[in-house]
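So you can see what is in the structure, the chains are spelled out below.
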Amino acid sequence: MRLLAILAGLAAAAAKPTARTKRKPGLLIVGLGGNNGATVLAGLHANNMKLTWEGAKKKCTADYTGCITQTRAMRRKGLAPFKRAAVGGWDIRPTPIGQALREARILDFDLVRQLS
């Protein structure tokens, strides 16, 4: 609940967009090539590309299920859509993101294959 309050406060403090500007959230990830960073990037790209893949038990389709910022309650607070996010970051490992996804073995192989 505290996270929702913090996110709502950040959204309220952000400048209101004019008719000519669109809000674009920025996301800076320390450890971008690690499990969390690579998974965030994979989810963002899978959703933007509307990917489908073969999961362990069924065919899967990308959606934002589980992403707290994309819930109806948070959208009413004025948060910009995650699909327009500008993502940046760094990692001490020089491993490319696709290779990091394969090594992590968190996501289904077919999804990783499509993203790499």
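Model, not experiment: these values are computed from the prediction.

**Here we look at the overall build of the chain**
Item 1. A count of helices and strands for the chain gives 5 helices and 4 strands.
Item 2. Counted from the first residue to the last, the chain has its helices and strands arranged as α-β-α-β-β-α-β-α-α.
Item 3. The burial tally for the chain puts 25% of its 116 residues in the buried class.
Item 4. Of the contacts made within the chain by residues no fewer than 6 positions apart, 67% connect residues no fewer than 24 positions apart.
Item 5. Approximately 8,300 Å² of the chain is accessible, and the part contributed by carbon and sulfur atoms is 58%.

**Some words on the environment of Gly 88**
Item 1. Residue placement: Gly 88 occurs in strand S4 (residues 86-90).
Item 2. Gly 88 sits in the partly exposed class, given a relative accessible area of 24%.
Item 3. Taking C-alpha positions, Gly 88 is 4.9 Å from Leu 28, a pair spaced 60 residues apart along the chain.
Item 4. Those residues within four positions of Gly 88 in sequence are excluded, and the remaining contacts are Leu 27, Leu 28, Ile 29 and Leu 32.

**Focus on the packing of helix H2 (residues 35-48) against helix H4 (residues 97-104)**
Item 1. The contact between H2 and H4 brings their axes to 9 Å, and the two run at 110°. With respect to H4, the element H2 is oriented roughly perpendicular. The crossing of H2 and H4 is left-handed. Mapping the contact onto sequence places Asn 35, Ala 38, Thr 39, Leu 41 and Ala 42 in H2 and Ile 97, Ala 100, Leu 101 and Ala 104 in H4.

Reading the values: the criteria
- Residues numbered from 1 in each chain as written.
- Predicted model: local features only at pLDDT ≥ 70, side-chain atom pairs only at ≥ 80, totals over all residues.
- Heavy atoms only, no water.
- Helix = DSSP H or I, 4+ residues; strand = E, 2+ residues; numbered from the N terminus.
- Buried < 20%, exposed > 50% of the residue type's maximum accessible area, 1.4 Å probe, protein only.
- Contact = heavy atoms within 4.5 Å.
- Areas by Shrake-Rupley, 256 points an atom, 1.4 Å probe, with all protein chains shown as cover.
- Axes fitted to C-alpha atoms, helices over the stretch in contact; angles between N-to-C directions.
- Parallel < 35°, antiparallel > 145°, perpendicular 65-115°, else oblique.
- Left-handed = near helix turned anticlockwise from the far one by under 90°.

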